[in-house]
There are 2 protein chains.
Amino acid sequence: SIVDALQVTCPSNLLAGKRILVTAGPTIEAIDPVRGITNFSSGKMGYAIAQAAIEMGADVTLISGPTALTAPRHCTTIQVTSAQQMHDAVMAEVRGQDVFIAVAAVADYRPREVQSQKIKKHADTLQLELVRNPDILAAVSNLPDRPFCVGFAAESDQLLEHARKKRLQKNVPLLAANLVSEAMGGDDSRIVLIDDHGEHPLPSGSKTLLAHMLLQHMAGMLPPSTTSDASIPE
Amino acid sequence: SIVDALQVTCPSNLLAGKRILVTAGPTIEAIDPVRGITNFSSGKMGYAIAQAAIEMGADVTLISGPTALTAPRHCTTIQVTSAQQMHDAVMAEVRGQDVFIAVAAVADYRPREVQSQKIKKHADTLQLELVRNPDILAAVSNLPDRPFCVGFAAESDQLLEHARKKRLQKNVPLLAANLVSEAMGGDDSRIVLIDDHGEHPLPSGSKTLLAHMLLQHMAGMLPPSTTSDASIPE
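Please read all numbers here as calculations on a predicted model, not as lab measurements.

Asker: If you had to explain the overall build of chain A to someone new, which residues and values would you point to?
Answerer: Regarding its fold elements, chain A presents seven helices and 14 strands. When burial is assessed residue by residue, chain A has 50% of its 234 residues classed as buried. By sequence separation, contacts in chain A at least 24 residues apart represent 63% of the contacts at least 6 residues apart. Put simply, chain A shows about 10700 Å² of open surface, and 52% of that area lies on carbon and sulfur atoms.

Asker: I'd like a rundown of the interface of chain B and chain A, residues and numbers included.
Answerer: Listed by partner, the interface residues are 40 residues for chain B and 40 residues for chain A. With both chains or domains summed, chain B and chain A bury close to 3600 Å², and 51% of this area falls on carbon and sulfur atoms. Our count for the contact surface shared by chain B and chain A stands at two salt bridges. Of the charged contacts in the structure, one is a salt bridge between Arg35(B) and Asp108(A), with a shortest N-O distance of 2.1 Å.

Asker: I'd like a description of the environment of Ala154(A), backed by residues and values.
Answerer: Relative to the assigned elements, Ala154(A) resides in strand 9 (residues 148–155). Sequence separation of Ala154(A) and Asn178(A) is 24 residues, and the distance between their C-alpha atoms is 5.1 Å.

Asker: Tell me about the packing of helix 2 (residues 44–55) of chain A against helix 7 (residues 207–219) of chain A, and please be specific about residues and values.
Answerer: Residues and elements named next belong to chain A. Packing of helix 2 against helix 7 brings their axes to within 8 Å, and their N-to-C directions diverge by 55°. As judged from the angle between their axes, helix 2 and helix 7 are oblique. When the axes of helix 2 and helix 7 are compared, the crossing they make is right-handed. Packed against helix 2, whose contacting residues are Lys44, Met45, Ala48, Ile49, Ala52, Ala53 and Glu55, the element helix 7 presents Lys207, Thr208, Leu210, Ala211, His212, Leu214 and Leu215 at the interface. Of the residues contributing to the contact of helix 2 with helix 7, the split by class is nine nonpolar, two polar and three charged.

Asker: Quick rundown of unusual backbone geometry? Include the residues and the values.
Answerer: Residues and elements named next belong to chain A. Phi is positive for His74, which is not a glycine, with a value near 60°. Mapped onto the secondary structure, His74 falls in the loop between strand 4 (59–64) and strand 5 (76–79). The residue Asn171 is not glycine, and still its phi comes out positive at about 65°. Overall, the relative accessible area of 38% leaves Asn171 in the partly exposed class.

Asker: Tell me about the relation of the copies chain B and chain A, residues and numbers included.
Answerer: You can overlay chain B on chain A at an RMSD of 0.0 Å; the transform is a turn of 180° with a shift of 0.0 Å along its axis. This pairing of chains is accounted for by a two-fold axis. Residues of chain B ranked by C-alpha distance from the rotation axis are headed by Ile37(B), positioned 2.2 Å from it. By residue overlap, the copies meet face to face through one surface: 100% of the interface positions of chain B are interface positions in chain A.

Asker: Talk me through helix 7 (residues 207–219) of chain B; I want residue IDs and the actual numbers.
Answerer: Residue and element names in this part refer to chain B. The end-to-end C-alpha distance of helix 7, which contains 13 residues, comes to 18 Å, matching closely the 18 Å that a straight helix rising 1.5 Å per residue would cover. The buried fraction of helix 7 amounts to ten of the 13 residues, a majority that puts the element mostly inside the structure. Among the residues making up helix 7, those that are buried are Lys207, Leu209, Leu210, Ala211, His212, Met213, Leu214, Leu215, Met218 and Ala219.

Asker: I'd love a proper account of the state of the cysteines, names of residues and values included.
Answerer: All names here are of chain A. Taken as a whole and assessed by the stated rule, the structure comprises zero disulfides over all chains. Looking at the unpaired Cys75, the closest cysteine sulfur is the one in Cys149, lying at 18 Å. Take Cys75: its relative accessible area is 19%, and that puts it in the buried class. For Cys149, a relative accessible area of 0% translates into the label buried.

Asker: Can you lay out the sheet that holds strand 6 (residues 99–102) of chain A for me, pointing to particular residues and giving the numbers?
Answerer: Residues and elements named next belong to chain A. Pairing in this open sheet of eight strands is mixed, and the strands run 5-4-1-6-9-10-12-13 from one edge to the other. Across the chains shown, the open sheet's two edge strands, defined by having one partner strand only, are strand 5 and strand 13 (198–201). Averaged over all pairs of adjacent strands, the angle between their axes in this sheet comes to 15°, without regard to strand direction. Where helix 3 (residues 83–93) meets the sheet, it contacts strand 1 (19–24), strand 4, strand 5 and strand 6, and its direction lies at approximately 160° from that of strand 4.

Asker: Describe the environment of Asn178(A), and please don't skip the residues or the numbers.
Answerer: Tracing the backbone shows Asn178(A) in strand 10 (residues 174–179). Taking the C-alpha atoms as reference points, Asn178(A) and Ser189(A), eleven residues apart in sequence, are found 7.6 Å from one another.

Cut-offs used in this document
- Residue numbers here run from 1 along each chain, matching the order of that chain's written sequence.
- All chains are assigned letters beginning at A, and all ligands numbers beginning at 1, according to the order in which they are written.
- Predicted model: local features are reported for residues with pLDDT of at least 70 only, side-chain atom pairs are reported and counted for 80 or more only, and whole-chain, interface and lining totals are derived from all residues.
- Heavy atoms from the whole structure form the basis of all side-chain values; hydrogens and water molecules are not counted.
- Per the convention used, a helix needs a DSSP run of H or I reaching at least four residues, while a strand needs a run of E reaching at least two, with both numbered from the N terminus.
- Summary of the burial criterion: residues with accessible area below 20% of their type's maximum are buried, those above 50% are exposed, and those between are partly exposed, where the area comes from a 1.4 Å probe applied to protein chains only.
- Any two residues whose heavy atoms approach within 4.5 Å are treated as being in contact.
- Accessible surface is estimated by sampling points in the Shrake-Rupley manner with a 1.4 Å probe; for residues, cover comes only from the protein chains shown.
- As used here, buried area is the combined drop in accessible area, with a 1.4 Å probe, of two parts when they are placed together.
- Here a salt bridge means any side-chain nitrogen of Lys or Arg lying within 4 Å of a carboxyl oxygen belonging to Asp or Glu.
- Note on geometry: axes are lines fitted to C-alpha atoms, helical ones only across the stretch in contact, with angles between N-to-C directions running from 0 to 180 degrees.
- Should an angle lie under 35 degrees it is considered roughly parallel, over 145 roughly antiparallel, and from 65 to 115 roughly perpendicular; all remaining angles are considered oblique.
- Here a crossing is taken to be left-handed if its near helix is turned anticlockwise relative to the far helix by less than a right angle, and right-handed if that turn runs clockwise.
- Gly is put with the polar residues, along with every residue not named as nonpolar or charged; the nonpolar set is Ala, Val, Leu, Ile, Met, Phe, Trp, Tyr, Cys and Pro, and the charged set is Asp, Glu, Lys and Arg.
- Copy-to-copy alignment: least squares on C-alpha atoms, limited to residues at pLDDT 70 or above in both.
- Given a helix with a known number of residues, its expected span is that number minus one, times 1.5 Å.
- For this text, the term disulfide refers to a pair of cysteine sulfurs within 2.5 Å.
- The criterion for strand pairing is that DSSP finds at least two bridges linking the strands in question.

The structure is reproduced here in structure tokens:
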């Protein structure tokens, strides 16, 4: 569309000098060397946000679970597999970031034990005991010197109700909510932004366009930076 | 390499007129709308075998789990997600096939119950009860009018011992065995073929080259066809 083309070819410089940390993709929680638990995520939304932030002048670090996507250029990309690895990479990179955008579909649970050898299938049934993974967004939003945090909520039902609750639980100023059935894997999506002022449905469109609109909305919410050199007007 | 180039650019016509059914990729067993259990498989080996079989003149049907790969041209491709769907697609397509090559990394177990709504994470631990999936290769190799069956074994340890046992259990004339640590995701692999005459290690190489070598070996084992029109010498 024309709007899409304008947005993409005429990026604003709204995020010039901002340091932005983005997570993307699924995580995979190993059961044994050949099996794992995963979330369904192509990584497209997170990569689109990283790309859009780069085009808007930001200094972007992308921490990505396993995807088939090519890492954006002009961006530090760190590949991880499990939620614990993603948590550790985020905590190692978060210091000094202006913004943290948690787009990754992180597995909430992992198998309690990982078998080092391929499990041989004899039994008709198998019990798998799962334990909670660290909550990466909550960990960052509870840091004393936290960056501006943006969360994502993919819900299968009662979208707004679940998303509103999630934004308060996670203690983040901005949350992007989308329906699983509309977002997963495709190139298009539909998103509702939720902040202190209420709900802001974005027009449906490509993930590239949605990424630009989300970042534009977010840019208007960022506090005037006092600590970052990059925020001094040029 | 020169051998690679020769193999790929000068394909034999060894499989002209043969109907070959190939499975490839992982399967994903849904836990709920956003989570699932999967096997680690890029699908590259199965797609390479389908492609090589096409180049050797075969009429190929590819049944593929979720991958990021582009389907080969001149090939019927059926996309599936779960092991049960792959089983059903194979059983629907197997009649009249000369060869069945089971390359897919099929999940052996699936969750007993699939939640239709996204599971909300409250508990610190979760018990997941898994039940056995159908064994697709065994189902085909036990058909009264079965095609020539080729199995794959990806093992993390005691490769040949497990693979020999698997060939007998599955009742297949040819099995290709490879080590998980060497095969997964990469473009190269190493394979040992196992048949009634013993073990035949293939030289290590690209999955494309290995696919050609496997099919050449297999072509020499195929019975002279009596039912297929396509096997009449031209």
